[in-house]
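Analysis of the macromolecular model
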Amino acid sequence: MTDRPTRPNDPGTKSDDATIRLRDLLTETQHDGGVLDRIFRQVHESVLDQSPYLNDNSNFTKIGTNDLARMFDLYDSLLLNGKIRTAVEAQGSKLEFALSRRLTRSGGQTKRTRPTKSQAFASARYEIAVSVPVLFATFSEVDRPIRACGRLCYNRLEALQRIMEHEMLHLAEMLGWDRSNCAARRFKALSLNIFGHTESHHQMITPQERAIVHFGVKPGARVTFDWEGKQMFGVVNSIRRRVTVLVPSATGIPYSDGKRYEKFYVPVERLKPVNG
Ligand SMILES: [Zn+2]
């Protein structure tokens, strides 16, 4: 123990010990398939049981950030003796959970925000975010098998579990080795040994796929929609959480094709493809 001011990465600090213990544990852990299946089910049932939002439904339509935090802590304690949480706390850092509307391609994201110079003694802040558009587009209208991290998922909560498992490993790697990369060998080995993942990516439904498969709306397609009682015609420019539609307009802004357009952000459900 030391009584001088320390920074998270000072040698010999509590944070350093926790980091080393986490790194060792991650490297040594190897869970067998039967144990993992049991723990995945246990986490699934506990989250369903304790959530005020999920309503005992694995294809829930509402979720809160507390559900993410609960799932994280269950996994951390059942698979890694709570050592990820311990390493975060030993750094004096905060771990937050978010439901992101902006993530539209990946299922989740883990971020570290380092303190700025003016906050010399503050610690890094970590955030695990889960994509709302991907989570809720998955197991909705588009009907196809969903694989995530190499496992077949049968409902939305299982898909969320795979996202959380993957993201918590990003966090653990950031804590243990400072950097994390799920395309790299170390991540792949750890995710196989700790979570039984055989792949680093997911094939969940993105809003793009939902728009194309279910609504027949794709970039370049001519579409129509109702705008304050008026029927508008335009062309799909891009698909994110909403679809960007360009409507020709004399008062719009000039685009590279030499024409002027006004831009509208339209929920995909409100669009109708125009044939021909
Ligand atoms: Zn990743």
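Rules used in this analysis
Residues numbered from 1 in each chain as written. Predicted model: local features only at pLDDT ≥ 70, side-chain atom pairs only at ≥ 80, totals over all residues. Heavy atoms only, no water. Helix = DSSP H or I, 4+ residues; strand = E, 2+ residues; numbered from the N terminus. Buried < 20%, exposed > 50% of the residue type's maximum accessible area, 1.4 Å probe, protein only. Contact = heavy atoms within 4.5 Å. Areas by Shrake-Rupley, 256 points an atom, 1.4 Å probe, with all protein chains shown as cover. Donors = N, O, S within 2.8 Å, 3.2 Å for Na, K, Ca; no water. Pairing = 2+ DSSP bridges. Axes fitted to C-alpha atoms, helices over the stretch in contact; angles between N-to-C directions. Domains from an automatic or database assignment. Buried area = accessible area lost by both parts, 1.4 Å probe. Polar contact = N/O pair within 3.5 Å; in protein donor to acceptor, adjacent residues only side chain to side chain. Expected span 1.5 Å × (residues − 1). Arc of directions from axis to C-beta. Parallel < 35°, antiparallel > 145°, perpendicular 65-115°, else oblique. Left-handed = near helix turned anticlockwise from the far one by under 90°. Nonpolar A, V, L, I, M, F, W, Y, C, P; charged D, E, K, R; others polar.

**Notes on the overall build of the protein**
Secondary structure summary: the protein contains eight helices and ten strands in total. Seen along its three principal axes, the alpha-carbon backbone of the protein occupies a region of about 70 × 50 × 35 Å. Counting only residues that meet the buried cut, the protein has 46% of its 276 residues in that class. Of the contacts formed within the protein by residues at least 6 apart in sequence, a portion of 61% connects residues at least 24 apart. For the protein, the computed accessible surface area is about 15000 Å², with 47% contributed by carbon and sulfur atoms.

**With respect to the coordination of the zinc ion**
Coordination of the zinc ion by the protein involves His 166 (NE2), His 170 (NE2) and Cys 182 (SG), with metal-donor separations of 2.1 to 2.4 Å. Positions of the donor residues of the zinc ion along the chain correspond to the pattern H-x3-H-x11-C. Of this pair, His 166 sits in helix H6 (residues 156–177) while Cys 182 sits in the loop between H6 and helix H7 (185–195); the two residues are 16 residues apart in sequence, bridging distant segments of the chain.

**Here we look at the sheet that holds strand S3 (residues 125–131)**
Strand order across the open sheet formed by three strands is S1-S3-S2, with mixed pairing between neighbours. Looking along the sheet, the strands with just one partner apiece sit at the ends: strand S1 (94–100) and strand S2 (108–113). The mean angle between the axes of side-by-side strands here comes to 20°, regardless of whether they run parallel or antiparallel. Pairing of S1 with S3 involves seven bridges; the strand directions are parallel. Paired with Leu 99 across the bridge in S3 is Val 130. Strand contacts of helix H3 (residues 65–80): S1 and S3, with the helix running at about 130° to S1, the strand carrying the most contacts.

**Brief notes about the domain arrangement of the protein**
Examined at the domain level, the protein breaks down into domain 1 (14–205) and domain 2 (209–273). Each of domain 1 and domain 2 has a C-alpha centre, and the two are 35 Å apart. Listed as interface residues are ten residues of domain 1 and, on the opposing side, seven residues of domain 2. Buried area between domain 1 and domain 2, summed over both chains or domains, comes out near 710 Å², and the portion from carbon and sulfur atoms is 59%. At the surface where domain 1 touches domain 2, the tally comes to zero residue pairs in polar contact (both at pLDDT 80 or more).

**So, unusual backbone geometry**
Even without glycine at this site, Asp 56 takes up a positive phi of about 55°. By the secondary structure assignment, Asp 56 is in the loop between helix H2 (33–50) and H3. Using a relative accessible area of 59% as the deciding quantity, one classes Asp 56 as exposed. Residue Asp 178 is not a glycine yet carries a positive backbone phi of 75°.

**Side note on helix H1 (residues 14–28)**
Along its 15 residues, H1 runs 21 Å from first to last C-alpha, staying within 8% of the 21 Å computed at 1.5 Å per residue. Within the span of H1, buried status applies to Ser 15, Ala 18, Thr 19, Leu 22, Leu 25 and Leu 26. Each buried residue of H1 lies within a common arc of 135° when the element is viewed along its axis, so the set occupies one face. Turned more than 90 degrees from where H1 packs its buried face, Thr 27 and Glu 28 sit exposed. In the core, the buried residues of H1 are packed alongside H3, helix H4 (83–90), H6 and H7.

**Observations concerning the pairing of strand S9 (residues 260–266)**
Pairing between strand S8 (residues 243–254) and S9: eight bridges, direction antiparallel. In the sheet register, Ile 253 faces S9, and the bridge partner there is Tyr 261. Between the antiparallel neighbours S8 and S9 lie five residues, among them Gly 258 with a positive phi of about 85°.

**Some points on the sheet that holds S9**
The five strands lie next to each other as S9-S8-S7-S6-S10, forming an open sheet whose pairing is antiparallel. Looking at which strands have only one partner, the edges of the open sheet turn out to be S9 and strand S10 (272–273). Direction of pairing for strand S6 (residues 222–227) relative to S10: antiparallel, over a ladder of two bridges. Within the sheet, the bridge partner assigned to Thr 224 lies in S10 and is Lys 272.

**Considering helix H8 (residues 207–215)**
Burial in H8 covers these residues: Pro 207, Gln 208, Arg 210, Ala 211 and Phe 215. In the segment just after H8, Gly 216 is the residue with positive phi, at about 65°.

**So, the packing of H3 against H6**
Running from amino to carboxyl end, H3 crosses H6 at an angle of 65°, the nearest separation of the two axes being 10 Å. It follows from the interaxial angle that H3 and H6 lie roughly perpendicular. Seen from above, H3 lies across H6 with right-handed handedness. In this structure, H3 uses Leu 68, Met 71, Phe 72, Tyr 75 and Asp 76 to contact H6, whose residues at the interface are Leu 157, Leu 160, Gln 161, Arg 162, Met 164, Glu 165, Met 168 and Leu 171. Among the residues making up the contact of H3 with H6, the classes are represented as nine nonpolar, one polar and three charged.

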